[in-house]
Amino acid sequence: MEVLVLGSGTSAGVPMIGCHCRVCTSADPRNKRNRCSVLVSYGGHRVLIDTPPELRLAVIANSVDMVDAVVLTHAHADHIFGLDDVRRYNTLSGRDMPIWASAKTLSIIRQVFPYAIDQAAADPLVYRPQINLNEVKGVFELFGRSWTPIYLPHGNVQVLGLRVGNFAYCTDCSDIPPGERAKLVGLDVLIIDALRPNPHPTHLSFEQALAIIDDLKPKRAYFTHLTHDVPHDEIEKTLPPQVRVLHDGLRINLPA
Ligand SMILES: [Zn+2]
Ligand SMILES: [Zn+2]
Ligand SMILES: [Zn+2]
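For the structure given in this document, a descriptive report is provided here. Quick caveat: nothing in here was measured; it's all calculated off a predicted structure. (Residues numbered from 1 in each chain as written. Chains lettered and ligands numbered in written order. Predicted model: local features only at pLDDT ≥ 70, side-chain atom pairs only at ≥ 80, totals over all residues. Heavy atoms only, no water.)

1. Regarding the overall build of the protein chain
Part 1: The secondary structure content of the protein chain amounts to eight helices and 14 strands.
Part 2: Over its C-alpha atoms, taken along the principal directions, the protein chain stretches across nearly 55 × 40 × 35 Å.
Part 3: By residue count, 53% of the 256 residues in the protein chain fall in the buried class.
Part 4: Within the protein chain, contacts between residues separated by at least 24 positions form 62% of all contacts whose residues are at least 6 apart in sequence.
Part 5: Just so you have it, the protein chain exposes about 11100 Å², and 54% of that area is on carbon and sulfur atoms.
Part 6: Within the protein chain, one finds 25 positive and 27 negative side-chain charges whose respective centroids are separated by 3 Å. (Helix = DSSP H or I, 4+ residues; strand = E, 2+ residues; numbered from the N terminus. Buried < 20%, exposed > 50% of the residue type's maximum accessible area, 1.4 Å probe, protein only. Contact = heavy atoms within 4.5 Å. Areas by Shrake-Rupley, 256 points an atom, 1.4 Å probe, with all protein chains shown as cover. Lys, Arg positive; Asp, Glu negative; His and termini not counted. Charge placed at Lys NZ, Arg CZ, Asp CG, Glu CD.)

As structure tokens, this is what we get:
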């Protein structure tokens, strides 16, 4: 299994519009962060987690010529506003794109992308994404592997964390509740929300993320959804060796 990082930045991205701080103007490419997304590949299949606004730029930069399914963690703009770009995968594959998400996320997708959903009302002259919506009601199967939803608090929103094999992805959360932590034992790799040093009402801080990592003890862990507060290399200097910070374009290989 391989996990390719397409984006690792907070909702405003890094650099942020109109900011000239030392991180936003850094020459280190690891300080340039698209909004969050990863591609999980196994057995010749590619599953995209989230469709952020930079999806097109990220998949072109990383030569992701095909995606076989999309899983959405939640319907915040920074996680869904690139969904329209699955049109190119429709054209290249000749197939609809399966979209997997919670009932709440799917209801928002129907509102935000009505032109892709309402086939009867669709204008045949409009180039629209061909998607089919699948509700995540519990563990679901994608290309021969079980995907386990991890239910995460994120302000008023419930986010789907995801575990497949010994990899788990928990973006956009302010905690991992005890019952959900039980689904995250024995991990090889955990990617976890770690917004910034200071606390935030809907995201984990560095310290809070480290406490959860210390509890779950994955072999390796990575921070994601980062702000412009601290440069990449300075964050990593403060972390234990098994905990690193994602950067866009990183490929993580897992045993199975
Ligand atoms: Zn987000
Ligand atoms: Zn900045
Ligand atoms: Zn969010």
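That was the structure; now back to the text.
2. Some details on the coordination of the zinc ion (ligand 1)
Part 1: The protein atoms that coordinate the zinc ion (ligand 1) are Asp78 (OD), His79 (NE2), Asp172 (OD) and His225 (NE2), at distances spanning 2.1 to 2.3 Å.
Part 2: Considering all four donor atoms around the zinc ion (ligand 1), the spread of angles at the metal, 92 to 159°, places the coordination shape in the irregular class.
Part 3: When the donor residues of the zinc ion (ligand 1) are listed from N- to C-terminus, their spacing reads D-H-x92-D-x52-H.
Part 4: Metal-to-metal, the separation of the zinc ion (ligand 1) and the zinc ion (ligand 3) is 3.5 Å; aspartate 172 coordinates the two. Pair noted here: histidine 79 is in helix α2 (residues 77-80) and aspartate 172 is in the loop between β10 (167-170) and α6 (178-181), with a separation of 93 residues, a long-range link.
Part 5: Histidine 79 sits in the buried class, given a relative accessible area of 0%. (Donors = N, O, S within 2.8 Å, 3.2 Å for Na, K, Ca; no water. Tetrahedral: all angles 85-135°; square planar, octahedral: opposite > 155°, others 65-115°.)

3. What about the packing of aromatic side chains?
Part 1: Counted under the stated rule, the structure contains four aromatic pairs.
Part 2: Over the face of the ring belonging to tyrosine 127 we find arginine 87, whose NZ or CZ atom lies 4.5 Å from the ring centre.
Part 3: Against the face of tyrosine 42 rests arginine 145, its NZ or CZ located 5.6 Å from the ring centre. (Phe/Tyr/Trp six-rings, centres within 6.5 Å; stacked < 30°, edge-to-face > 60°. Lys NZ or Arg CZ within 6 Å of the ring centre and 35° of its normal.)

4. Some points on the coordination of the zinc ion (ligand 3)
For a metal with four donors in a tetrahedral arrangement, the ideal angle between donors is 109.5 degrees, while six donors in an octahedron ideally sit at 90 or 180 degrees.
Part 1: The coordination sphere of the zinc ion (ligand 3), as far as protein atoms go, consists of His74 (NE2), His76 (ND1), His154 (NE2) and Asp172 (OD), spread over 2.2 to 2.4 Å.
Part 2: For the zinc ion (ligand 3), the four donor atoms in the first shell make angles of 92 to 172° at the metal, so the coordination geometry reads as irregular.
Part 3: Sequence positions of the residues that donate to the zinc ion (ligand 3) give the spacing H-x1-H-x77-H-x17-D.

5. Quick notes on the sheet that holds strand β14 (residues 251-253)
Part 1: The strand order across the open sheet built from seven strands is β6-β5-β4-β3-β2-β1-β14, with neighbouring strands paired in mixed fashion. Both outer strands of the open sheet, β6 (131-135) and β14, are each paired with one neighbouring strand and no more. Across this sheet, the average inter-strand angle for adjacent strands is 25°, counted without regard to direction.
Part 2: Pairing geometry for strand β1 (residues 2-7) and strand β2 (residues 37-42), over five bridges, is antiparallel. Across the sheet, the residue bridging to glycine 7 is serine 37, located in β2.
Part 3: Strand contacts of helix α4 (residues 103-112): β5 (97-101) and β6, with the helix running at about 155° to β6, the strand carrying the most contacts. (Pairing = 2+ DSSP bridges. Axes fitted to C-alpha atoms, helices over the stretch in contact; angles between N-to-C directions.)

6. With respect to the pattern of salt bridges
Part 1: Per the stated rule, a full pass over the model turns up 12 salt bridges.
Part 2: Across the pair aspartate 175 and arginine 181 runs a salt bridge whose closest N-O atoms are separated by 3.1 Å.
Part 3: Here aspartate 188 makes a salt bridge to lysine 219, at a shortest N to O gap of 3.0 Å. Taken together, the residues span a long stretch of sequence, with aspartate 188 in the loop between α6 and β11 (189-193) and lysine 219 in the loop between α7 (206-216) and β12 (220-224) at a distance of 31 residues. (Salt bridge = Lys/Arg side-chain N within 4 Å of Asp/Glu carboxyl O.)

7. Let's talk about the sheet that holds β10
Part 1: If you walk across this open sheet you meet the seven strands as β7-β8-β9-β10-β11-β12-β13, and the pairing is mixed. Every other strand in the sheet has two partners, leaving β7 (140-142) and β13 (243-245) as the edge strands with one partner each. With strand direction ignored, the average angle separating the axes of adjacent strands in the sheet is 25°.
Part 2: Taken together, the five bridges between β11 and β12 define a ladder with parallel strand orientation. Opposite aspartate 193, over in β12, you have threonine 224 as the bridge partner.
Part 3: Relative to the sheet, α7 contacts β11, β12 and β13, its axis offset from that of β11 by approximately 155°.

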